[in-house]
Every structure is written in structure tokens, then in C-alpha cells.
Amino acid sequence: MQYYISHYNKESELKFPKDITIYDTTLRDGEQTPGVCFDIKEKLEIARKLDQFKINQIEAGFPIVSERERESVKLIANEGLNAKILALTRTKPKDIDAALDCDADGIITFIGTSDIHLDHKMHIGRQDAINLSEKAIDYAKDHGLFVAFSAEDATRTDLDFLKRIYSKAQECGADRVHIADTTGAISPQGIEYLVKELIKDIDIDIALHCHNDFGLAVVNSITGLLAGAKAISTTVNGIGERAGNASLEELIMALKILYGKDLGFKTKYIKELSDIVSKASGLEVPYNKPVVGNNIFRHESGIHVDAVIEEPLCYEPYIPELVGQKRQLVLGKHSGCRAVRAKLNECELEVSDDELIEIVKRVKKSREEGKYINDQVFREIVKSTKR
Ligand code: MN
């Protein structure tokens, strides 16, 4: 058995859309995390690993930002990856030209649509926003690009206006519209309502770009899919501005394990992907981060370790190998004889039963005195006990 979940999950009663697209934006929104700047080699390495993972689309960057950014998007676009390469643009022709120069397969072209963005950032009216979007989409479609139109701050945008601008995007031949929950300001119930409302009037695919300001980015994404959205934006390790974006690994594993919705991704590369992004971004993964954290498959308490040695699923919902992780048994003040015996076997050390009891005592004492029981410390304890 590779996983064991609650039988109260009624996945058969839930309806997901048939084709779900994941477009990962680690290289764009992820890089917008304050202090993060990937170099070209790192960007390419992340893109290659995402492609190995079988990601559908990669939002590779924002070409208008800099010469370097254009170079890296171009490099990724010409790498021969299976994933479609998207570039971010404003609704400006020069941004779209920059994306074209990079040989991107498509663009995500965005404009702020909420009144707060129109009034305080764009300083334009609603009709102006519609006109700019129309021109941008027409221009990009004329150049043969896949076009996703994104309403920035969509979740704080007037519904009638949102419907109007998305309908215009559809009319201009956009391939998809994006709901950007730019400030992570919507609840699962809110996103369900919004997606269902939009589907009444919009006939093209709807995507969600969720931020994690209230820790709800993944659940909002899943709720949105169940309401009929067809594409989800993610980042590896959930990096991104403020509290970050919907985490790729959390979303994919929840869909696959909890909801029985396997999208065909090579999940065994998840840990590697996480390590690469953590190193390149300089952002350490918290120990308790779901799926990829260092503690997710680590056990110390004697009661847990005893059970895990016999049957890991006693204290794990799925086995670590599914995501390229390894189970670790940690010795400490909560360790019992079975854990220590398992560690002795791992280190190929033989002791008598009396020695074992003494080793357990010393392990507990050492840890309580402040020593971390790594393999070297453990070997010293065994050696001193045998003397
Ligand atoms: Mn964002």
C-alpha cells in the first residue's frame, strides 16, 4: 500500500473538469519574491526539472523587465521542452513584442480590473481597460500566440465588469481567462461562487492564480477546479510575493492522494524540484512544510517509531518515495528499544539485550543534555556502553 487516507473522502461524488492544466509560475511570480533573483542557469535548470515532472505550461518570465530576463525566457523557449512556454506581458504592444522576440509559445497578458487598481495604479476608467485589453489580445492573436488574458485583482472586481472584460477577451479570440486573486483575498466559498457565475457567461477556459495570504491558496485552487475552472497556477515550494502562491507539490499531492485525481505528473521528482528551487531562491523550506519539509517523514517518539517500523502508514498518509523523500527515524528522548534496535541494524552494530537497554538510557540522557543524536554520536554511545 502506498497511501492510506480517510474513507470519509467522497471523491467519486466530486466532479473535476476532464482536462486540467497546471501552469507553473515559479520562474515569474516565484522570482518576484522580495530578494529572489535567479540567474540564467538556475532558470534553465528549474525549467528542465519542471519539464521532467511533466508540467503542462511554464510561465518563464516577464520579458520586458530586462535584457537578461529576455535572454533566459528565450533560452527556455528554445530548449525543446514538452511544456508550453508562456511569458507575462502587460496589455502593451511593446511587452508583447518582447515576448515574441523570446520565441514564447504564448503570453499571459494582464491588466488590473478592480476599481482600486484602476483608480490608484492605472489611473484609467473601466472602458479604457477594456480597450487596452482588446488591442493587446488582437495584436497577440495576429502574431499566432496562445493568449491568456488575466484580470489582476479579479477577486475584488465588480462582477458585471469582470464578465464584460472576459467576454471581450473571448470575442477577441483569447484562449483562456485568468482570475488572479492577487492579494489572496477570497475564501473557498467566494471562489466557488465566482467561477460558477463566470461560467454562465464565459465559454472559454478559466484559470486561477491564487495567493496564500490566509493559507488558502491550495484549497481555493481545488475548490475552483470543482466549480469548473480548468487551469491552475502554482509555484514550487509555494514561493511568491508576500505569503506566496499555491504550492505545486501540495496541490498535486492533494489532488492525487486525497481526491484520487492523478494528473500524470512524475511526483517522484518533487523533492528534487523543491531542493533546486530552495537553493536557487535562497529560501529555505520550513521543516513542517507539507510534502517537501524535512520533518514530513521523520519520526522520533518511541510509540510512533515502533509502529512505523512495523507499518509506516500508521503515522504517514502516504509513503515518502512517492515524492522522492526518505523516511528518517530520529533518536531522542522519546526513543524506545525498537527504534534503537532499528538504528543499530542500520549501522550494522551488534549488541546484547542488556547493552541495548543501557544504550536506550544513554541516548535519552544525551539528548536531554542537549546533544543531537546523529550517527556519529550514536556510535560513540554504543562504543562506550560496550566497554
Ligand atoms: Mn501573483
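Worth saying up front: this structure is predicted, and the values here are computed from it rather than measured.

Peer 1: I keep staring at the domain arrangement of the chain and nothing clicks. Help me out?
Peer 2: A common way to state how big an interface is: give the accessible area lost once the parts meet. Splitting the chain by domain gives domain 1 (17–281) and domain 2 (298–385). Using C-alpha coordinates to define each centre, domain 1 is positioned 44 Å away from domain 2. Taken residue by residue, the interface counts six residues in domain 1 and six residues in domain 2. Roughly 530 Å² is buried in total at the junction of domain 1 and domain 2, and carbon and sulfur atoms are behind 67% of that figure. When residues of domain 1 are sorted by the area they lose upon contact with domain 2, Met253, Ile257 and Lys271 head the list and together hold 66% of the total. If you look at where domain 1 meets domain 2, you find zero salt bridges. Of all elements in the fold, only α10 (248–258) and α11 (270–281) reach the threshold of two or more residues within the side of domain 1 that touches domain 2.

Peer 1: Sorry if this is basic, but what is going on with the coordination of the manganese ion here?
Peer 2: Ideal values differ by geometry: the angle at a metal is 109.5 degrees with four tetrahedral donors, but 90 or 180 degrees with six octahedral donors. Note on the manganese ion: its protein donors are Asp29 (OD), His209 (NE2) and His211 (NE2). The metal-donor distances range over 2.1 to 2.3 Å. One chain supplies every donor to the manganese ion, and in sequence these donors are spaced D-x179-H-x1-H. Here the residue Asp29 occupies a position in helix α1 (residues 26–30), and His211 occupies one in the loop between β7 (205–210) and α9 (217–227), the gap between them amounting to 182 residues. Here Asp29 matches His211 in class, with each residue buried.

Peer 1: Where do I start with the pattern of salt bridges in this structure?
Peer 2: Opposite charge on two side chains lets them pair, provided their charged atoms get close. One pass over the full model with this rule turns up 32 salt bridges. Glu79 serves as the salt-bridge partner of Arg48, at 2.9 Å between the closest nitrogen and oxygen. Here Arg48 is found in helix α2 (residues 40–52), whereas its partner Glu79 is found in the loop between α3 (67–77) and β3 (84–90), with 31 residues between them in sequence. Judged by relative accessible area, Arg48 falls into the partly exposed class, the value being 43%.

Peer 1: How should the packing of α2 against α11 be read in this particular structure?
Peer 2: Between two packed helices, both the angle of their axes relative to each other and the distance between the axes serve to describe the pair. For the pair α2 and α11, the least separation of the axes is 10 Å and the interaxial angle reads 165°. By the criterion of interaxial angle, the relationship of α2 to α11 is roughly antiparallel. For the crossing formed where α2 meets α11, the hand is left-handed. Along the contact surface, α2 presents Glu42, Glu45, Ile46, Lys49 and Leu50, while α11 presents Glu272, Leu273, Ile276, Val277 and Ala280. Residues that form the contact of α2 with α11 fall into these classes: six nonpolar, no polar and four charged.

Peer 1: Mind showing me how you'd approach helix α6 (residues 126–142) here?
Peer 2: Think of an α-helix as 3.6 residues a turn; residues three or four steps apart then line up on the same face. When the terminal C-alpha atoms of α6 are compared, their 24 Å separation across 17 residues agrees well with the 24 Å that a helix rising 1.5 Å per residue should span. Restricting attention to buried positions, one finds in α6 the residues Ala129, Ile130, Ser133, Ala136, Ile137 and Ala140. Here the buried residues of α6 occupy an arc of 135° about the axis, which is enough to place them on one side. Facing away from the buried surface of α6 by more than 90 degrees, the exposed residues are Lys135 and Asp142.

Peer 1: Sorry if this is basic, but what is going on with the nonpolar core here?
Peer 2: Judged by nonpolar contacts, the single largest core of 88 residues is most densely connected at Ile22, Ile58, Phe149, Ile165, Tyr166, Ile179 and Leu248. The biggest single contributor to this core is α10, with seven residues. Taken domain by domain, the makeup of this core includes at least three residues from each of domain 1 (17–281) and domain 2 (298–385). Once you skip the residues sitting within four places of it in the chain, Ile58 turns out to touch Asp24, Leu27, Ala47, Leu50, Leu81, Ala83, Lys84, Ile85 and Leu86. Of all hydrophobic cores here, the second largest spans 16 residues; its members include Val340, Val351, Phe378 and Ile381.

What counts as what
- Residues numbered from 1 in each chain as written.
- Predicted model: local features only at pLDDT ≥ 70, side-chain atom pairs only at ≥ 80, totals over all residues.
- Heavy atoms only, no water.
- Domains from an automatic or database assignment.
- Contact = heavy atoms within 4.5 Å.
- Buried area = accessible area lost by both parts, 1.4 Å probe.
- Salt bridge = Lys/Arg side-chain N within 4 Å of Asp/Glu carboxyl O.
- Helix = DSSP H or I, 4+ residues; strand = E, 2+ residues; numbered from the N terminus.
- Donors = N, O, S within 2.8 Å, 3.2 Å for Na, K, Ca; no water.
- Buried < 20%, exposed > 50% of the residue type's maximum accessible area, 1.4 Å probe, protein only.
- Axes fitted to C-alpha atoms, helices over the stretch in contact; angles between N-to-C directions.
- Parallel < 35°, antiparallel > 145°, perpendicular 65-115°, else oblique.
- Left-handed = near helix turned anticlockwise from the far one by under 90°.
- Nonpolar A, V, L, I, M, F, W, Y, C, P; charged D, E, K, R; others polar.
- Expected span 1.5 Å × (residues − 1).
- Arc of directions from axis to C-beta.
- Core = buried A, V, L, I, M, F, W, Y, C linked by side-chain atoms within 4.5 Å.

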